[in-house]
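Inside the fold
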Amino acid sequence: MAADPTDRPIGYWLKHLHDLLEDGFAADLADLGVDRRRWQALHTLAGGPHAPDGLAAALAPFRTGARAGDGGPLHGPDGLVARGWAEPADGGAFRLTAAGRDLHDAVEARVAELRTAVLAGLTRDQYAETVRVLAVMAANLERRAGASA
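Overview of the structure. The shown structure was predicted, so the numbers you read here are calculated from the model rather than taken from an experiment.

What follows concerns a nonpolar patch on the surface. On the surface, Leu17, Val118, Leu119, Leu122, Tyr127 and Val131 cluster together into a nonpolar patch covering about 490 Å² of accessible area. The set of elements that each furnish at least two residues to the nonpolar patch consists of helix H4 (98-119) and helix H5 (124-148). Note on placement: leucine 17 falls in helix H1 (residues 10-29).

Right, here's the structure in full:
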């Protein structure tokens, strides 16, 4: 008989799920030359052009350990621009190229498959309640951190 999942703390499950998601993205997208962070940048730019600062701000919650001025997902030898997936647009913004849009569409289909696998066995209400509970826990800790600052 399997152990009761509540025997482990929430931190274990959060980290374990995060690691499994990272591994899943890596395995599912490797042949396309895309990792989870590039996917997030592609998906953000698919919504319309973004200035580098706006893109960095949109992706900031997902870029742990990023340094200011590191070029982010746009620049550098592995950046979206160098790979031909993004290009300058008006006003200093960047947008997806045709190749970038095609790649986004291919990746989006695989991400949808991964999401389906992750959510198998859960109802929409269960998923919504899980997200709500996690949001409450995060707010509680944010409030606590603000009170001690």
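Ranked by internal contacts, the top residues of the largest apolar core, which has 19 residues, are Val34, Trp39, Leu42, Leu45, Leu74, Leu80 and Val107. For this core, the elements supplying multiple residues, two or more each, are H1, helix H2 (36-46), helix H3 (52-59), strand S2 (94-96) and H4.

Applying the stated rule across the entire model yields 9 salt bridges. Note that aspartate 35 and arginine 38 form a salt bridge whose closest N and O atoms lie 3.4 Å from each other. Aspartate 35 sits in the partly exposed class, given a relative accessible area of 33%. In this structure arginine 38 comes out as buried when scored by relative accessible area, which is 16%. It is possible to trace a salt-bridge network through shared partners that takes in Asp35, Arg38, Asp78 and Arg83.

In this section: the packing of H1 against H2. At a minimum axis distance of 9 Å, the contact between H1 and H2 shows a crossing angle of 75 degrees. On the basis of their axis angle, the class for H1 and H2 is roughly perpendicular. Here His18, Leu21, Glu22, Phe25 and Leu29 of H1 come into contact with H2, specifically with Arg36, Arg37 and Trp39. Across the contact of H1 with H2, the residue classes tally to 4 nonpolar, 1 polar and 3 charged.

Parameters at a glance
- Residues numbered from 1 in each chain as written.
- Predicted model: local features only at pLDDT ≥ 70, side-chain atom pairs only at ≥ 80, totals over all residues.
- Heavy atoms only, no water.
- Patch = residues over 30% accessible without salt bridge, like charges linked within 9 Å, V, L, I, M, F, W, Y side chains within 5 Å.
- Areas by Shrake-Rupley, 256 points an atom, 1.4 Å probe, with all protein chains shown as cover.
- Salt bridge = Lys/Arg side-chain N within 4 Å of Asp/Glu carboxyl O.
- Helix = DSSP H or I, 4+ residues; strand = E, 2+ residues; numbered from the N terminus.
- Core = buried A, V, L, I, M, F, W, Y, C linked by side-chain atoms within 4.5 Å.
- Buried < 20%, exposed > 50% of the residue type's maximum accessible area, 1.4 Å probe, protein only.
- Axes fitted to C-alpha atoms, helices over the stretch in contact; angles between N-to-C directions.
- Parallel < 35°, antiparallel > 145°, perpendicular 65-115°, else oblique.
- Contact = heavy atoms within 4.5 Å.
- Nonpolar A, V, L, I, M, F, W, Y, C, P; charged D, E, K, R; others polar.

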